[in-house]
Amino acid sequence: MRSATARRPRSRPRRPRLLVHAALILFGIVMLYPLIWMLVGSFKHTSDIFSHPDLFAKSYTAKNYPAGWNANGISFGRYIVNSLIVVTGAIAGNLLACSAAAYAFARLEFRLKKMWFALMLGTIMLPIHVVIVPQYILFSKLGWLNTYLPLIVPKLLATDAFFVFLMVQFIRSLPRDLDEAARIDGCGHFRIFFRIILPLSLPALATTAIFTFIWTWNDFFHQLVFLTDPKMYTVPVALRTFVDSTSQTPWGPVFAMSIVSLAPVFGFFLAGQRYLVRGIATTGLK
Amino acid sequence: MTAGGEGRGDTPAAPAGEQRGRARRDRPRRSFSDRYAHYVFLAPWFAGLFLITLGPLLASLYLSFTKYNLLNAPEWTGLENYRRMFGDPRFYHALKVTFIYVGVSVPLQLALALALAVVLDRGIGGLAVYRSVYYLPSLLGTSVAVAVLWRQMFGADGLVNGLLGHLGLHNLPGWISDPRFALGSLIALNVWTFGAPMVIFLAGLRQIPGTYYEAAALDGAGRIRRFTRITLPLLSPVVFFNLVLQLIHAFQSFTQAFIVSGGEGGPADSTLFYTLYIYQKGFGSFDMGYAAALAWVLVLIVAVLTAINFIASKFWVFYGDE
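Computed from a prediction, not measured in an experiment: that's the story for all the values here. (Residues numbered from 1 in each chain as written. Chains lettered and ligands numbered in written order. Predicted model: local features only at pLDDT ≥ 70, side-chain atom pairs only at ≥ 80, totals over all residues. Heavy atoms only, no water.)

**Here's the deal with the overall build of chain A**
Then, number 1: The helix and strand inventory of chain A stands at 15 helices and 0 strands.
Then, number 2: Over its C-alpha atoms chain A spans a radius of gyration of 24 Å, topping by over 25% the 19 Å that the globule rule assigns to 286 residues.
Then, number 3: Of all 286 residues assigned to chain A, the portion counted as buried reaches 57%.
Then, number 4: Pairs at least 24 residues apart make up 70% of the contacts formed inside chain A by residues separated by at least 6 positions. (Helix = DSSP H or I, 4+ residues; strand = E, 2+ residues; numbered from the N terminus. Rg over C-alpha atoms; globule rule 2.2 N^0.38 Å. Buried < 20%, exposed > 50% of the residue type's maximum accessible area, 1.4 Å probe, protein only. Contact = heavy atoms within 4.5 Å.)

Structure (structure tokens):
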């Protein structure tokens, strides 16, 4: 922040700067208005949500939350637990598998390394839709449909190449002297990886964990394809059934559960902003 | 990312190889760990590459030449699926919808991202707060919850019409139920997530040395000249990076269209994204062969566009070392 101020010519007088702030704040409010409106709306009676763009209503109710929580005959808590299982597995998988692959790409020498690395980058661009049909067939042959295995096992196999790339970039920035010193002390690659590289890579691991959480929590496509039993539904798939079940959507409860589903993402966003910004600035994750 | 990533990847690898070579001469035998460590570290990734990515990729190429409904064995039909596409109006329509969506939303999104990044980079204070506020929608934008919100907002009794009603506009259409406007609401959703490219632009702007601007200011260059002559050329690799990334993202959009249109593709197929059509064919009617063929066409489109992007970039992307 300060460096930016210092290196720019200070040609701007004080008053326009206030105007810039006013414009930026106004724009921010416009952007966040729908979200805030939904949050307030989750405490309004459904009849008040229709055609009421105002933030405030005459009366508020907390009933939307229990109503939405129990709307499907299956408690929303169940969906949250299901999502947490998937997300936990995905985070563990990505942290272990992607960091291991990244260590090899960043620090080890082997044949065709450049080719494999290019292939790894190439998989980042591959649309998931082209592999989903055979994956579906594979997982159905394995009897994995309606389990969380199709959502977790690929992460254990480092298929989120974005994170491999992120960690390669990070590990390259660590001084090699550390590895060399450890090698002279007789450490093998496994000890160097677990004792030196992983502890030093904590920021990159945090970025990976947070992004994996948000992406997996938000992921709809895979969960829609692989989960068909309502008891196994995760939060996004369950939320979708709320709006599709009837033509008259009960917006109050739907908004309430939408807020519940966004809350963890928002929490991680607040807690991990530093890592999120760094992650996106270096690799373009979203 | 590929351009930057590979460039950076090549340079440190070479001297590292020399070092390793010298170490090997000092110690005549490489240890077991040295020779085989990479197999262990890469084992999961290799397994994933072959079983989850490349295998299915080849399988879908094979399936695209077959008729397959999951129940019977795939039946080889040669180019039939691709021929079928030429006569399939919904295929053309899905392509058109997707191209309009990508072609309108990505430039708008990037323009907004760049404009705000430039304003925020001026050192007006409060950068961290603004950055967070503008970035938040990027994280939420692909969620079902926000898609649900959009569905309400752009409905006949939704937030947007309510706000316009305050301005005296009444009897407005339900935007998502009107084929003329349904796609527009999804474009708005994608533009709303401009925060992610904005953060990348901000990081890029940080790399431009302030001395350039000081020199230009001394020479009497105005703000617009400084932007077009210094900021834009020096930022062009980042613009390119964002463009490639957002194009790829936008082509693969699915959740928003699926939720907003109730999985149908909207009124008169007005929001029938290409990915939605693949899903309908594959998992709606279990027409797996045709779905695979459609998916391969998507891969080709994305690959060709990315290649065009890389070729065109030679004319407008400026790397400092040239």
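**Section: the overall build of chain B**
Then, number 1: Across its full length, chain B carries 14 helices and 2 strands.
Then, number 2: The buried share of chain B, reckoned over its 322 residues, is 55%.
Then, number 3: The contacts of chain B with a sequence gap of at least 6 include a subset with a gap of at least 24, amounting to 68%.
Then, number 4: Accessible surface, chain B: about 14,300 Å² in total, of which carbon and sulfur atoms supply 65%. (Areas by Shrake-Rupley, 256 points an atom, 1.4 Å probe, with all protein chains shown as cover.)

**Observations concerning the interface of chain B and chain A**
Then, number 1: On the chain A side, the residues contacting the 118 residues of chain B number 105 residues.
Then, number 2: At the junction of chain B with chain A, the criterion picks out 0 salt bridges.
Then, number 3: At the surface where chain B touches chain A, the tally comes to 10 residue pairs in polar contact (both at pLDDT 80 or more).
Then, number 4: In terms of residue count, the dominant contributor to the side of chain B that touches chain A is helix α2 (residues 32–63) of chain B (23 residues).
Then, number 5: Partitioned by chemical class, the residues of the side of chain B that touches chain A number 72 nonpolar, 30 polar and 16 charged. (Salt bridge = Lys/Arg side-chain N within 4 Å of Asp/Glu carboxyl O. Polar contact = N/O pair within 3.5 Å; in protein donor to acceptor, adjacent residues only side chain to side chain. Nonpolar A, V, L, I, M, F, W, Y, C, P; charged D, E, K, R; others polar.)

**Focus: a nonpolar patch on the surface**
Then, number 1: Judged by side-chain polarity, Phe190(A), Phe194(A), Tyr36(B), Tyr39(B) and Val40(B) come together as a nonpolar surface patch covering roughly 500 Å² of accessible area.
Then, number 2: Listing elements by their share of the nonpolar patch, those giving two or more residues are α11 (189–200) of chain A together with α2 of chain B.
Then, number 3: Counting residues per element, the nonpolar patch draws most heavily on α2(B), which supplies 3 residues.
Then, number 4: Along the polypeptide, Val40(B) turns up in helix α2. (Patch = residues over 30% accessible without salt bridge, like charges linked within 9 Å, V, L, I, M, F, W, Y side chains within 5 Å.)

**Details of the UniProt feature "transmembrane region" (unreviewed entry) in chain A**
All names here are of chain A.
Then, number 1: In this numbering, the UniProt entry assigns the feature "transmembrane region" (unreviewed entry) to residues 20–40, 79–105, 117–139, 151–171, 192–217 and 251–271.
Then, number 2: Structurally, residues 20–40 is divided into 100% helix and 0% strand, and its ends, taken at the C-alpha atoms, are 29 Å apart.
Then, number 3: Spanning residues 251–271, this segment combines 100% helix with 0% strand, and its end C-alpha atoms are found 30 Å apart. (UniProt positions renumbered as here; feature names shortened; annotations may be inferred.)

**Let's talk about the pattern of salt bridges**
Then, number 1: By the definition in use, this model includes 8 salt bridges over all chains.
Then, number 2: One salt bridge connects Lys155(A) with Asp160(A), and the closest N-O pair in it is separated by 3.2 Å. Neither Lys155(A) nor Asp160(A) differs from the other in exposure class; each is buried.
Then, number 3: Asp178(B) is the partner of Arg180(B) in a salt bridge, and the nearest nitrogen-oxygen pair spans 3.0 Å.
Then, number 4: Taking relative accessible area as the criterion, Arg180(B) reaches 66% and is therefore assigned exposed.
Then, number 5: For Asp178(B), a relative accessible area of 11% puts it in the buried group.

**Side note on the packing of helix α11 (residues 223–251) of chain B against helix α14 (residues 288–316) of chain B**
Axes are the key here: two packed helices are described by the angle between their axes and the distance separating the axes.
All names here are of chain B.
Then, number 1: One way to put it is that α11 packs onto α14 with a least axis distance of 11 Å and a crossing angle of 170 degrees. By the criterion of interaxial angle, the relationship of α11 to α14 is roughly antiparallel. For the pair α11 and α14, the contacting residues are Ser236, Val239, Phe240, Leu243, Val244, Leu247, Ile248 and Phe251 in the first and Leu298, Ile301, Val302, Leu305, Thr306, Asn309, Phe310, Ser313 and Trp316 in the second.
Then, number 2: In terms of residue class, the contact of α11 with α14 is built from 13 nonpolar, 4 polar and no charged. (Axes fitted to C-alpha atoms, helices over the stretch in contact; angles between N-to-C directions. Parallel < 35°, antiparallel > 145°, perpendicular 65-115°, else oblique.)

**Some points on the environment of Arg111(A)**
Then, number 1: Along the chain, Arg111(A) falls in the loop between α5 (76–107) and α6 (113–125).
Then, number 2: Along the primary structure Arg111(A) and Tyr233(A) are separated by 122 residues, whereas in three dimensions their C-alpha atoms are 44 Å apart.

**Quick notes on the packing of aromatic side chains**
Then, number 1: For the structure on display, the rule yields 55 aromatic pairs over all chains.
Then, number 2: Ring centres 5.4 Å apart and planes at 65 degrees place the aromatic pair Phe105(A) and Phe117(A) in the edge-to-face group. Within this pair, whereas Phe105(A) is found in helix α5, its partner Phe117(A) is found in helix α6, the two being separated by 12 residues in sequence. Of the two residues examined, Phe105(A) and Phe117(A), each falls in the buried class.
Then, number 3: Centre to centre, the rings of Tyr136(A) and Phe283(B) are 5.0 Å apart; their planes meet at 75 degrees, and the pair counts as edge-to-face. Taken together, the residues span two chains, with Tyr136(A) in helix α7 (residues 129–141) and Phe283(B) in helix α13 (residues 274–284). (Phe/Tyr/Trp six-rings, centres within 6.5 Å; stacked < 30°, edge-to-face > 60°.)

**A look at unusual backbone geometry**
Then, number 1: Residues other than glycine seldom take positive phi values, yet Ala158(A) does so here, at roughly 55 degrees.
Then, number 2: Locating Ala158(A) in the fold gives a position in the loop between α8 (149–156) and α9 (161–172).
Then, number 3: Judged by relative accessible area, which is 2%, Ala158(A) ranks as buried.
Then, number 4: In this structure, Ala268(B) takes a positive phi of about 50 degrees despite not being glycine.
Then, number 5: Within the secondary structure, Ala268(B) sits in the loop between α12 (255–260) and α13.
Then, number 6: For Ala268(B), a relative accessible area of 62% translates into the label exposed.

**Quick notes on the side chain of Asn82(A)**
Residue and element names in this part refer to chain A.
Then, number 1: When you line up the elements, asparagine 82 lands in helix α5.
Then, number 2: Polar contacts involving the side chain of asparagine 82 include one to the side chain of tyrosine 148, which spans 3.0 Å.
Then, number 3: In this structure, asparagine 82 is in contact with Tyr148, Lys231, Met232, Tyr233 and Thr234, ignoring residues within four places of it in sequence.

**Details of the environment of Asn81(B)**
Residues and elements named next belong to chain B.
Then, number 1: Relative to the elements of secondary structure, asparagine 81 occurs in helix α3 (residues 80–86).
Then, number 2: Under the relative-accessibility criterion, asparagine 81 is labelled buried at 5%.
Then, number 3: Note: C-alpha distance between asparagine 81 and phenylalanine 65 (16 residues apart in sequence) is 6.5 Å.
Then, number 4: Sequence-distant contacts of asparagine 81, that is, excluding residues within four places in its chain, are made with Leu63, Ser64, Phe65, Thr66, Gly289, Tyr290 and Ala293.

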